[in-house]
Amino acid sequence: MSFEGKRCYFDIAATTPLDNDVVNKMSDTMQRIFGNPSSIHSFGQESKIVLEKARKQIATAIHCRTSEVCFTSCGSESNNMVLKGILKKGDHFITGSIEHPSILKTADFLQNKGVEITLIQPDKFGTISISKIEESIKDNTKLISIMSANNELGTINPIKEIGDLAKQNSILFHTDAVQSFGKVPFNASELLCDFISIGAHKIYGPRGAGALIIKAGNNLFPLIHGGGQESNLRAGTENIIDTAGFGKASEIAVNNLEKNIQTIKYLSAHFLKGLDENKIEYRINGTNQLPGIFNITFFGVNANDLVINLDMEGIAISAGSACSAGVVKPSSTLTEIGMTPELALSTVRISFGKLNTTEEIDYFIPKLSDIILRLKSS
């Protein structure tokens, strides 16, 4: 089968295409369901049923109570809800220096409001050390937030152990699980997390749908004021169509988790074999990563040039995390793990998902090899 002229998408860590069953669910909801879920008439109650079914699907997928699922528009909003809803002047907040910008920029905002911030630098593999967190705890530490897996490196953090530490010190704990939920086993009932942020568009669901898991007994000040939607935590008429898609995507993700992991591991091994057979010089950064995410340095090649040239061949990869794309400077995540600016600017992220094929990779590798040689010679 020839892939000449085809488009190959290897940027799954940035966002995923929609699963066909999710498309069908959203299309059916769009065509049939239009009432306001807050209305007591039958049209409104039909929407309410869709909303609550999605809530149950997500609760089942992540192993929490349905009452603990608060729908949002995305992981960034969920992260903002936690930080701005918990922290106030005089509080101390601990987080990692390579967190998602929705954590780090919110931390900057709160620091200007009188919140004390401690940023934990990762080790050379991108992992946050529990001992460093423990050393940073103060009497006024109110919240710890560490992402389950880094969006650029794919490195998985020891969330259960960090939760245990937070609990021992009576500190609230939040994890941004947007990148890891639906890709690896994730059981909220076994983790001592008070808050968990998740999103739909990393698991073949729609963009514009997210959730915040708020463990029973925890309270937040709302980020958006207005009506009493989402247990008075998020005002605004609910996004029924995208929420239905999110629920379906969550259900599909957990029901096919092991199959997807094995598929992606097979694709990854095929990719690495292709790199070696074509004698492409590279280095993989990080360790203990999510399946299918490669933060990879191609020595002597500008990452942006590589991305652009591959795009001209119909192949999509990322020069760093999607949220910082277009900015021609070294990735702060890579420099935080000790990489030189020169190497950071030669580093890309390649990520595979359940819809990719070995045929696509076989098309990709020779193109990658040719472009690298051409860029080096020029």
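Residues numbered from 1 in each chain as written. Predicted model: local features only at pLDDT ≥ 70, side-chain atom pairs only at ≥ 80, totals over all residues. Heavy atoms only, no water.

Caption draft 1: Here's a closer look at the packing of aromatic side chains. Scanning the entire structure with this criterion turns up seven aromatic pairs. Here the aromatic cluster, defined as three or more aromatic residues joined through ring pairs, consists of Phe10, Phe271, Phe294, Phe352 and Phe364. Directly above the aromatic system of Phe109 lies the positively charged group of Lys84, at a separation of 4.9 Å from the ring centroid. A cation over a ring is seen here: Lys354 above Tyr204, with NZ or CZ 4.5 Å from the ring centre. (Phe/Tyr/Trp six-rings, centres within 6.5 Å; stacked < 30°, edge-to-face > 60°. Lys NZ or Arg CZ within 6 Å of the ring centre and 35° of its normal.)

Caption draft 2: Main features of the sheet that holds strand E9 (residues 283-285). Spatially, three strands are ordered E9-E10-E12 in an open sheet, and the strand pairing comes out antiparallel. Two strands bound the open sheet, and with one partner strand each, they are E9 and strand E12 (347-351). Taken pair by pair, the neighbouring strands of this sheet meet at an average axis angle of 40°, ignoring direction. Looking at chain direction, E9 and strand E10 (residues 293-297) are connected through three bridges and run antiparallel. Directly across from Arg283, in E10, lies its bridge partner Thr297. Across the sheet, helix H9 (residues 257-277) is in contact with E9, E10 and E12; its angle to E10 comes to roughly 20°. (Pairing = 2+ DSSP bridges. Helix = DSSP H or I, 4+ residues; strand = E, 2+ residues; numbered from the N terminus. Axes fitted to C-alpha atoms, helices over the stretch in contact; angles between N-to-C directions. Contact = heavy atoms within 4.5 Å.)

Caption draft 3: Up close: the environment of Pro291. On the secondary structure map, Pro291 appears in the loop between E9 and E10. Residues Pro291 and Gly154, 137 residues apart in the sequence, show an inter-C-alpha distance of 8.2 Å. Excluding residues that lie within four positions of it along the chain, Pro291 makes contacts with Lys183, Val184, Ile261 and Ile264.

Caption draft 4: Seen up close, the pairing of E12. The buried fraction of E12 is high, at five of five residues. As paired elements, E10 and E12 share five bridges and run antiparallel to each other. The residue of E12 that forms the bridge with Thr297 is Thr347. (Buried < 20%, exposed > 50% of the residue type's maximum accessible area, 1.4 Å probe, protein only.)

Caption draft 5: Layout of the sheet that holds strand E3 (residues 92-96). An order of E2-E8-E7-E6-E5-E3-E4 is seen for the seven strands of this open sheet, with the pairing classed as mixed. The strands lining the two open edges of the sheet, one partner per strand, are strand E2 (69-72) and strand E4 (116-120). This sheet shows a mean twist of 20° between the axes of neighbouring strands, independent of strand direction. Of the pairings in the sheet, the one linking strand E6 (residues 172-176) to strand E7 (residues 195-199) comprises three bridges and is parallel in character.

Caption draft 6: Region of interest: helix H2 (residues 42-62). Helix length check: H2, at 21 residues, gives a terminal C-alpha distance of 30 Å against a target of 30 Å (1.5 Å per residue), a fit within 8%. Those residues of H2 lying buried are Gly44, Ser47, Val50, Leu51, Ala54, Arg55, Gln57, Ile58, Ala59, Ala61 and Ile62. Close packing links the buried residues of H2 with helix H1 (20-32), E2, E7, strand E8 (210-214), helix H7 (229-232) and helix H8 (240-255). His63 sits one or two positions beyond H2 and adopts a positive phi of about 65°. (Expected span 1.5 Å × (residues − 1).)

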